[in-house]
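Structural overview
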Amino acid sequence: MTKAITADRWHSVRRAYRVTGARFADLVTRVPDPDAMVTAEWTVAETVAHVAMIAKMYTSLVRPDGAPVLATSGQRQVEKTTVDTVSVLNTLVLRDFPERDIQVLVTGLLADIEEVLRVTEDADPGTPLDWLGGSKVPLAGVLAHLVNELQVHGWDIAKALKLPWTIQPGDAALFFDLFLVGVLGNDIGHLLDTDEPPRDRRIAVAFRSAYTSPVVLVLHRGRVTVEEPGGPVDVRISFDPPTLNLMLFHRVGKVRSALTGKIVVSGPRPWLLPAFLRVVRLP
């Protein structure tokens, strides 16, 4: 099932694209040391370069005549990437694009954000675009993906350097509503490929929050589909969108998320959730 993207949702993700980009730019330009470590692998400058390159790739993606940003080797890696090999692509992109001056990167990031908004002003937000691993993501989902990248990596930088950073629940919800549901409702390609043999057991998980449309994700024989609520489910998840995103990207733990009440798991067969999440997973 491909869910229709409303004009209101399209307006929301376009606003968040610009506003979150500006907030991220303001955060990173106040960092005194661009070489300060943010994660075990990346400095502030490398983190900003990573986000800026995604924005540049999306500018090319939405232009009808856009030439690929990546070299042939990078483009080949894009086509064969799964969620478990995204780090390989990230390393390749950072190696091939060595710019690390924060101001140069931020200027490019903001320009690319505005270019995407300009080019897509009259576009259909549901237009499927080629993404990683042969998957297809609706245009609105591509914008929601960058919003999430800005939110999560802004969180990384702020946490490492003890700077203020907030993730608005309504903006965080765009990632689930438009990107995650969008890619699962279009074509997942090999993005979720895993070595684990497909299970015959159907697992249906209902997701609900105050900021997203209720939806059921179903895993059956290795294939994930999107269904409308109302049928039988095994697991129900009520979630706070910022917490869910940070948990899915391994920034906060599952136990901590549950103890704070930000993620509530219920339903008749909650023990099936780990098997579901081994397939429906993020990098």
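You'll find the structure just up there.
Quick look at the structure, then. (Residues numbered from 1 in each chain as written. Predicted model: local features only at pLDDT ≥ 70, side-chain atom pairs only at ≥ 80, totals over all residues. Heavy atoms only, no water.)

A few points about empty space enclosed by the protein
Threshold: Method remark: on a 1 Å grid restricted to protein atoms, a set of points is classed as a cavity if a 1.4 Å probe fits but cannot get out and as a pocket if it is open with protein on both sides within 12 Å along at least five of seven lines; lining residues have an atom within 4 Å of a point. Grid points are joined across faces, edges and corners, and a volume is the space filled by probe spheres set on the points. The classification used treats Ala, Val, Leu, Ile, Met, Phe, Trp, Tyr, Cys and Pro as nonpolar, Asp, Glu, Lys and Arg as charged, and all other residues, Gly among them, as polar.
The tally for this structure, following the rule as stated, stands at 2 cavities of 30 Å³ or more. Size it by volume and the largest cavity reaches roughly 70 Å³. Forming the boundary of the largest cavity are Phe176, Leu180, Phe207, Leu217, Leu244, Leu248, Phe276, Leu277, Val280 and Leu282. Counted by class, the lining of the largest cavity contains 10 nonpolar, no polar and no charged residues. Lining the second largest cavity are Arg202, Val216, Glu227, Glu228, Pro229, Gly230, Gly231, Pro232 and Val233.

Brief notes about the pairing of strand β5 (residues 223-227)
Definition in use: At least two bridges found by DSSP between two strands are what make those strands a pair. Note on conventions: DSSP H or I runs of at least 4 residues are helices, E runs of at least 2 residues are strands, and numbering of each starts at the N terminus.
In this structure, strand β4 (residues 215-220) lies alongside β5, joined through 5 bridges in antiparallel fashion. The partner of Val216 across the bridge, within β5, is Glu227. Linking β4 back to β5 in an antiparallel pair, the connection comprises 2 residues, with Arg221 at a positive phi of about 55°.

As for helix α6 (residues 139-161)
Cut-off, in case you're wondering: Multiplying 1.5 Å by the helix residue count minus one yields the expected span of that helix. Only protein chains enter the accessibility calculation, which uses a 1.4 Å probe; a residue whose area is less than 20% of its type maximum is buried, one above 50% is exposed, and one in between is partly exposed.
Taking 1.5 Å as the rise per residue, α6 with 23 residues should run 33 Å; its terminal C-alpha atoms sit 34 Å apart, in good agreement. In terms of residue burial, α6 counts as a mostly covered element, since 20 of its 23 residues are buried. Lys162, located one to two residues past α6, shows a positive phi value of around 60°.

Observations regarding the environment of Val235
The condition that has to hold: Residues count as neighbours in contact if any of their non-hydrogen atoms are within 4.5 Å of one another.
If you trace the backbone, Val235 turns up in strand β6 (residues 235-239). Taking C-alpha positions, Val235 is 31 Å from Ala16, a pair spaced 219 residues apart along the chain. Not counting residues within four places of it along the chain, the set of residues in contact with Val235 comprises Ala204, Val205, Ala206, Val265, Ser266, Gly267, Arg269, Pro270 and Leu273.

A closer look at the packing of aromatic side chains
Condition: Centres within 6.5 Å make a pair out of two Phe, Tyr or Trp rings, where for Trp the six-membered ring is used; the pair is then stacked when the planes are under 30 degrees apart, edge-to-face when over 60, and tilted otherwise. Look at NZ for Lys and CZ for Arg. If either is within 6 Å of the ring centre and within 35 degrees of the ring normal, a charge sits over the ring.
For the structure shown, the criterion picks out 7 aromatic pairs. Each ring, one from Trp131 and one from Phe179, has its centre 5.0 Å from the other, and the planes form 70°; the classification is edge-to-face. Of the two residues, Trp131 is situated in the loop between β1 (128-130) and β2 (136-138) and Phe179 in helix α7 (residues 169-185); the sequence distance between them amounts to 48 residues. Phe179 matches Trp131 in its accessibility class, with the two residues each being buried. One aromatic cluster is present, formed by Trp131, Phe175, Phe179 and Phe249 through successive ring pairs. Directly above the ring of Trp165 sits Arg23, whose terminal nitrogen or CZ lies 4.2 Å from the centroid.

Remarks on the pattern of salt bridges
Defined as follows: Put simply, a salt bridge is a Lys or Arg side-chain nitrogen that is within 4 Å of an Asp or Glu carboxyl oxygen.
On inspection of all chains with the given rule, the structure shows 15 salt bridges. With a closest N to O distance of 3.6 Å, Asp200 and Arg221 form a salt bridge. One end of the pair, Asp200, is in the loop between α7 and β3 (203-208); the other, Arg221, is in the loop between β4 and β5, with 21 residues separating them in the sequence. Grouping residues by exposure puts Asp200 and Arg221 together as exposed. Here Asp234 makes a salt bridge to Arg269, at a shortest N to O gap of 2.6 Å. Of this pair, Asp234 sits in the loop between β5 and β6 while Arg269 sits in the loop between β7 (263-266) and α10 (273-279); the two residues are 35 residues apart in sequence, bridging distant segments of the chain. By relative accessible area, Arg269 is classed as partly exposed at 28%. Through salt bridges with shared partners, one network takes in Arg63, Glu115 and Arg118.

Some points on the sheet that holds β6
Test applied: Geometry is summarised by axes, namely lines fitted to C-alpha atoms with helices restricted to the contacting stretch, and by angles between N-to-C directions that run from 0 to 180 degrees.
Spatial strand order, β5-β4-β3-β6-β7: 5 strands in an open sheet with mixed pairing. Looking at strand neighbours, the two that pair on one side only are β5 and β7, the edges of this open sheet. Mean inter-strand twist for the sheet, computed between neighbouring axes without regard to direction, equals 20°. Bridge count between β3 and β4: 5 bridges; the pairing is antiparallel. The partner of Ala206 across the bridge, within β4, is Val216. Relative to β5, α7 is tilted by about 125°, and along the sheet it contacts β3, β4, β5 and β6.

Quick word on unusual backbone geometry
We note that Lys162 has phi near 60°; this positive angle belongs to a residue other than glycine. Along the chain, the position of Lys162 falls in the loop between α6 and α7. With a phi close to 55°, Arg221 is a non-glycine residue in the positive phi region. For Arg221, a relative accessible area of 56% translates into the label exposed.

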